[in-house]
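Observations on the model geometry
As a plain string of letters, each chain reads:
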Amino acid sequence: MLDSKIPSGPLKEKWANHKLHLKLVNPANKRKYQVIVVGTGLAGSSAAATLAELGYRVKVFCIQDSPRRAHSIAAQGGINAAKNYANDGDSIDRLFYDTIKGGDFRAREANVYRLAEVSHAIIDHCVAQGVPFAREYSGYLDNRSFGGAQVSRTFYARGQTGQQLLLGAYSALMKEVSRGNVEIHPRTEMLDLVTIDGVAKGIITRDLISGKVESHAADAVILATGGYSSVFYLSTNAKACNATAIWRAHKRGAFLANPCFTQIHPTCIPVHGDYQSKLTLMSEGLRNDGRVWVPKNANDKRDPSKVQIAERDYFLERKYPTFGNLVPRDIASRNAKEMCDSGHGVGETGMAVYLDFADAIKRLGKEKISERYGNLFEMYEKISGDNPYEKPMMIYPAPHYTMGGLWVDYNLMSTIPGLFVLGEANFSDHGANRLGASALMQGLADGYFIIPYTIGDYLAQTTPAGMDLTSFPAFREAEGQVVQKVSRLLAAKGKRTADDFHKQLGKLLWDKCGMARNEAGLRQALNQIPAIRQEFWENVNVPGSGEDLNQSLEKAGRVADYLEFAELFVMDALHRNESCGGHFREEFQTPEGEAKRDDSKFCYVAAWQHQESGAEPVLHKEPLKFESVNLTQRSYK
């Protein structure tokens, strides 16, 4: 049985009462405990800085040359918090309900309420750090709206909110590095988790410059390594983003929850050809002032300036008059796809819709639009060659965030004792669809305000190792397995690159398990993935050696993990015979084409347990119980 450790009592009192009863570590004893943090995005950097400030000894690992380059830096639009600065009716309860509803009632109620509850403190903390949030003329912090909400609760710093928040967390982290409380290991990749008697006790890493494989022991391990949407090859994620850390922890016993819950972001620059290695995101914040439309007549390829207002279909405003262009991401994405599939798409490929700012510029003036979105407009013009002040942007959905991840309980601990998982690497807060601007909120909530309490409760019930455990057989065995896998990749000497296999896998997943899924397509994918995986190990070509910088070797190891993970990803989508949020099964939809849930059979978290020797994974179910909300059909009309 999965024990989520959800506290008893009223929803609004759970977190406060839980903190009151958590065990504490004496300040003098904290320095006896070693904690490993893998990942330096918002969740990892904030956790490492906070734990070090509390007195724990912390080791931090990141694959970039600096924590500043973690993918959190790419977040553009903002961070949610229910502070009601706009005086438009927002509250903790409303943020909680919008998040539960936005996730199509497939998230754990207690976790989501806690997230809404601590959102207040995040903003205050970041302002104190000096994060330059946008402000009104009066000096108050400004807010914008995001999809799935009818209030303005998103704090932002132009189109670079993630960068500014990360710099705040990075500054806190580096302060602790300079004080000697944090030991930082850049350009280092985690390649395995080490357990002793079923308890997480360390990790195996590879230095990406020297190729040296090393063991690192700790009393607790925190994974904050982000999501896995790069499995699609083309996604909004940085090329370095990968699933290796969570997948190898999964193979050591950590259950993987809801892997099929992936998010397709509706506001991305469309694919331009076969040469691209990633896609570029345009912030959802642009939908505050941009209007989405396509020509009413199919195959109308005229310049957008020639298409009169009466000849345009503002389809989101037409179908969802209450929320309009600010419907949640899954709904906006599906509707854009439907328009393009029916022949109304724009651009050379017909796989795009317009995001038009002409009305907003006329209403507010070019200077105000530049103030809000100037850097985003510059980025779009550099990539596309079109000036969005003069011509509508062209956008199309693309893989973005992943709501699935390692299963964690209320304390953010996985099914492996001592292994904690934060941010996008866990499954806990977003259900089947994440509302925009909630990723930054979750990452900082987990790192600054949750894990410092819950990891202390765990450590208070353990004895510090007090010795270097890396000489134990479990570490030697894990090191040997990592070295063996690296050697196997280098020995293949085939004819295809790892990128070639990744692209093949990504296209298969996008076609069969992307924005729309059906049983026939999912079964086809399940039949083809093992064949691709087998050919990979027989025909991949990894030049160079393992004793120095070798990016081909890095990619090959990550693609090998994706080729295993993809099978579970599709299996999860096939078993869930319902549509919910971003998981849209074509067989299960309302007459209006909306997602149709089956609460009687699938109101649960699907947590998968890895089995050795090629056996099928075991499905465990955590029932979702709702005490404060009613399970209703989601509507944004």
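Residues numbered from 1 in each chain as written. Predicted model: local features only at pLDDT ≥ 70, side-chain atom pairs only at ≥ 80, totals over all residues. Heavy atoms only, no water.

Moving on: the overall build of the chain. Secondary structure assignment for the chain yields 17 helices and 19 strands. Over its C-alpha atoms the chain spans a radius of gyration of 24 Å, differing by no more than 12% from the 26 Å that the globule rule assigns to 637 residues. Viewed in the frame of its principal axes, the chain has a C-alpha envelope of about 75 × 60 × 50 Å. Counting every position in the chain, which comprises 637 residues, the buried fraction comes to 60%. Excluding contacts between residues fewer than 6 apart, the proportion of contacts in the chain whose partners are at least 24 apart in sequence is 74%. On the chain, roughly 24300 Å² of surface is accessible, and the fraction owed to carbon and sulfur atoms is 49%. (Helix = DSSP H or I, 4+ residues; strand = E, 2+ residues; numbered from the N terminus. Rg over C-alpha atoms; globule rule 2.2 N^0.38 Å. Buried < 20%, exposed > 50% of the residue type's maximum accessible area, 1.4 Å probe, protein only. Contact = heavy atoms within 4.5 Å. Areas by Shrake-Rupley, 256 points an atom, 1.4 Å probe, with all protein chains shown as cover.)

Our focus in this paragraph is the pattern of salt bridges. Taken as a whole, this structure holds 48 salt bridges when the rule is applied. A salt bridge links Arg 634 to Asp 104, with the nearest nitrogen and oxygen atoms 3.8 Å apart. Highlighted residues: Arg 634 in the segment after β19 (618-623) and Asp 104 in the loop between α4 (92-102) and α5 (109-129), separated in sequence by 530 residues. With respect to class, Arg 634 is no different from Asp 104; both count as buried. The salt bridge involving Arg 252 is made with Asp 192; its shortest N-O contact spans 2.7 Å. Of this pair, Arg 252 sits in the loop between α7 (244-251) and β10 (256-257) while Asp 192 sits in strand β6 (residues 188-196); the two residues are 60 residues apart in sequence, bridging distant segments of the chain. (Salt bridge = Lys/Arg side-chain N within 4 Å of Asp/Glu carboxyl O.)

In this section: the environment of Asp 409. Along the polypeptide, Asp 409 turns up in the loop between β16 (405-406) and β17 (419-421). Judged by relative accessible area, Asp 409 falls into the buried class, the value being 2%. Sequence separation between Asp 409 and Ser 4 is 405 residues, and the spatial gap between their C-alpha atoms is 4.3 Å. A distance of 2.8 Å separates a polar side-chain atom of Asp 409 from the backbone nitrogen of Asn 411. (Polar contact = N/O pair within 3.5 Å; in protein donor to acceptor, adjacent residues only side chain to side chain.)

This brings us to unusual backbone geometry. A positive phi angle, close to 55°, is found at Asn 87, a residue other than glycine. With respect to the helices and strands, Asn 87 occurs in the loop between β3 (79-80) and α4. What makes Asn 87 exposed here is its relative accessible area of 66%. Despite not being glycine, Arg 187 has its phi angle at roughly 50°, a positive value. Residue placement: Arg 187 occurs in the loop between β5 (182-185) and β6. Arg 187 gets classed as partly exposed once you look at its relative accessible area, which sits at 24%.

With that out of the way, let us pick up the side chain of Lys 30. When you line up the elements, Lys 30 lands in helix α2 (residues 27-30). No salt bridge is formed by the buried Lys 30; the nearest opposite charge belongs to Glu 53, separated by 12 Å. With sequence-adjacent residues up to four places away left out, Lys 30 is seen in contact with Val 25, Leu 54, Gly 55, Tyr 56 and Arg 57. (Lys, Arg positive; Asp, Glu negative; His and termini not counted.)

Our next topic: the sheet that holds β5. Remark on secondary structure: sheet strands pair via backbone hydrogen bonds, oriented parallel or antiparallel. Strand order in the open sheet formed by five strands is β5-β2-β1-β9-β17, and the pairing between neighbours is parallel. On the outer flanks of this sheet lie β5 and β17, each paired with one strand and no other. Looking at each pair of strands side by side, their axes are set apart by 20° on average, direction ignored. Bridge count for strand β1 (residues 34-38) against strand β9 (residues 220-223) is four bridges, and the pairing is parallel. Note that in β9 the partner of Val 38 across the bridge is Leu 223. Along the sheet face, helix α3 (residues 42-54) touches β1, β2 (57-61), β5 and β9 and points at about 160° away from the line of β2. With respect to the sheet, helix α6 (residues 161-178) is in contact with β2 and β5, its orientation differing from that of β5 by roughly 110°. (Pairing = 2+ DSSP bridges. Axes fitted to C-alpha atoms, helices over the stretch in contact; angles between N-to-C directions.)

A few words now on the domain arrangement of the chain. The domains assigned to the chain are domain 1 (266-400) and domain 2 (471-598). Placing a centre on the C-alpha atoms of domain 1 and another on those of domain 2 gives a separation of 31 Å. Between domain 1 and domain 2, a total of about 780 Å² is buried, with carbon and sulfur atoms accounting for 58% of that surface. It is Asp 330, Arg 334 and Lys 337 that lose the most area in domain 1 upon contact with domain 2, and together they represent 51% of the buried surface on that side. Scanning the region where domain 1 abuts domain 2 turns up zero salt bridges. Counting across the domain 1 and domain 2 interface gives three residue pairs in polar contact (both at pLDDT 80 or more). Residue assignment for the side of domain 1 that touches domain 2 shows that the elements contributing at least two residues are α9 (329-341) and β15 (393-402). No other element matches the six residues that α9 contributes to the side of domain 1 that touches domain 2. In the side of domain 1 that touches domain 2, the residues fall into six nonpolar, one polar and five charged. (Domains from an automatic or database assignment. Buried area = accessible area lost by both parts, 1.4 Å probe. Nonpolar A, V, L, I, M, F, W, Y, C, P; charged D, E, K, R; others polar.)

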